[in-house]
Amino acid sequence: MKLNSKLKTKENKKRIGRGIGSGKGKTSGRGVKGQKSRRGVAIKSFEGGQMPLYRRLPKRGFNPIKKKAKYATINLSQIQSLIDKKIINSSTKIDLKLLKSNKIVKKNVFKFKILGLGEIKDKVNLDTEFLSKSAKDKLSKSGSQFIIKNNT
């Protein structure tokens with residue numbers, strides 16, 4: 001022990017690896033053998049028992065996140081209500097461009113599908129990418145025309 005100038009005692013730090021009699025000799029308090037006893041080696045991504053970051057985050061894989069095609073679905077009852085409210089005209093061709101311009105579907109939608117929920121009274125001219133079987137039957141009964149694009 002050394003005496004400080006201000007009459008306080010200061011303990012020397014333990015010098016490890018300086019013989020067995022020092023109390024931290026031979027293995028220097030690191031145990032025996034193995035990766036943890038070596039100098040400068042740390043177990044990568046070990047967070048003291050906490051769940052590591054790479055396991056906390058979700059798997060992403062090879063699925064492109066931004067390039068997923070956005071689809072919109074519209075029921076026949078919705079088309080009929082738009083015609084009744086005179087937002088769209090039954091004589092004009094109903095396609096994605098018309099639906100986007102009237103803000104019926106969002107701008108980031110690339111394709112849309114017509115579903116068969118509800119009834120349609122007026123004859124309509126549809127231009128769509130997908131059409132359900134029930135919607136196809138109801139449209140043909142009402143005498144409507146439809147074009148199905150197959151560009152998937």
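Residues numbered from 1 in each chain as written. Predicted model: local features only at pLDDT ≥ 70, side-chain atom pairs only at ≥ 80, totals over all residues. Heavy atoms only, no water.

With that out of the way, let us pick up the overall build of the protein. A count of helical and extended segments in the protein gives 4 helices and 8 strands. When the helices and strands of the protein are read in sequence order from the N terminus, they spell out β-β-α-β-α-β-α-β-β-β-α-β. Scored against the burial criterion, the 152 residues of the protein give a buried share of 22%. Contacts spanning at least 24 positions in sequence make up 36% of the contacts within the protein whose residues lie at least 6 apart. With the model as given, the accessible surface of the protein reaches about 12600 Å², and the carbon-plus-sulfur share is 52%. (Helix = DSSP H or I, 4+ residues; strand = E, 2+ residues; numbered from the N terminus. Buried < 20%, exposed > 50% of the residue type's maximum accessible area, 1.4 Å probe, protein only. Contact = heavy atoms within 4.5 Å. Areas by Shrake-Rupley, 256 points an atom, 1.4 Å probe, with all protein chains shown as cover.)

With the rule as written, the count across this model stands at 5 salt bridges. With a shortest N-O distance of 3.5 Å, Lys93 and Asp127 are connected by a salt bridge. In this pair, Lys93 is assigned in strand 4 (residues 93–94) and Asp127 in strand 6 (residues 125–128), connecting sequence segments 34 residues apart. Residue classification places Lys93 among the partly exposed positions, given a relative accessible area of 40%. The class of Asp127 is buried, set by a relative accessible area of 8%. (Salt bridge = Lys/Arg side-chain N within 4 Å of Asp/Glu carboxyl O.)

A few words now on the sheet that holds strand 4. Spatially, the 3 strands line up as an open sheet ordered 4-6-8, and their pairing is parallel. A single partner strand is all that each edge strand has here, and the edge strands are strand 4 and strand 8 (145–148). With 2 bridges joining them, strand 4 and strand 6 adopt parallel strand pairing. Bridging from a neighbouring strand, Ile94 pairs with Leu126 of strand 6. (Pairing = 2+ DSSP bridges.)

As a further point, take the pairing of strand 5 (residues 111–115). In this sheet, strand 5 lies alongside strand 3 (residues 71–75) in parallel orientation, the contact comprising 5 bridges. Across the sheet, Tyr71 pairs through a bridge with Lys111, a residue of strand 5. Sheet analysis places strand 5 next to strand 7 (residues 130–131), joined by 2 bridges and oriented parallel. Each bridged residue has a counterpart across the sheet, and for Lys113 the counterpart in strand 7 is Phe130.

Position of Met51 relative to the elements: it lies in the loop between strand 2 (9–10) and helix 1 (53–56). A residue is classified by how much of its surface remains accessible, and Met51, at 40% relative accessible area, is partly exposed. Taking the C-alpha atoms as reference points, Met51 and Ile147, separated by 96 residues in sequence, lie 54 Å from one another.

For the rest of this paragraph, the subject is the sheet that holds strand 7. One open sheet accounts for 3 strands, arranged 3-5-7; its pairing is parallel. Looking at strand neighbours, the two that pair on one side only are strand 3 and strand 7, the edges of this open sheet. Contacting strand 3 and strand 5, helix 2 (residues 76–84) crosses the sheet at an angle of about 70 degrees to strand 3. (Axes fitted to C-alpha atoms, helices over the stretch in contact; angles between N-to-C directions.)

Our next topic: unusual backbone geometry. A positive phi angle is found at Lys26, which is not glycine, with a value near 55 degrees. With respect to the element layout, Lys26 can be found in the loop between strand 2 and helix 1. You will see that Ser28, though not glycine, has its phi angle at about 60 degrees, which is positive. Counting through the fold element by element, Ser28 comes out in the loop between strand 2 and helix 1.

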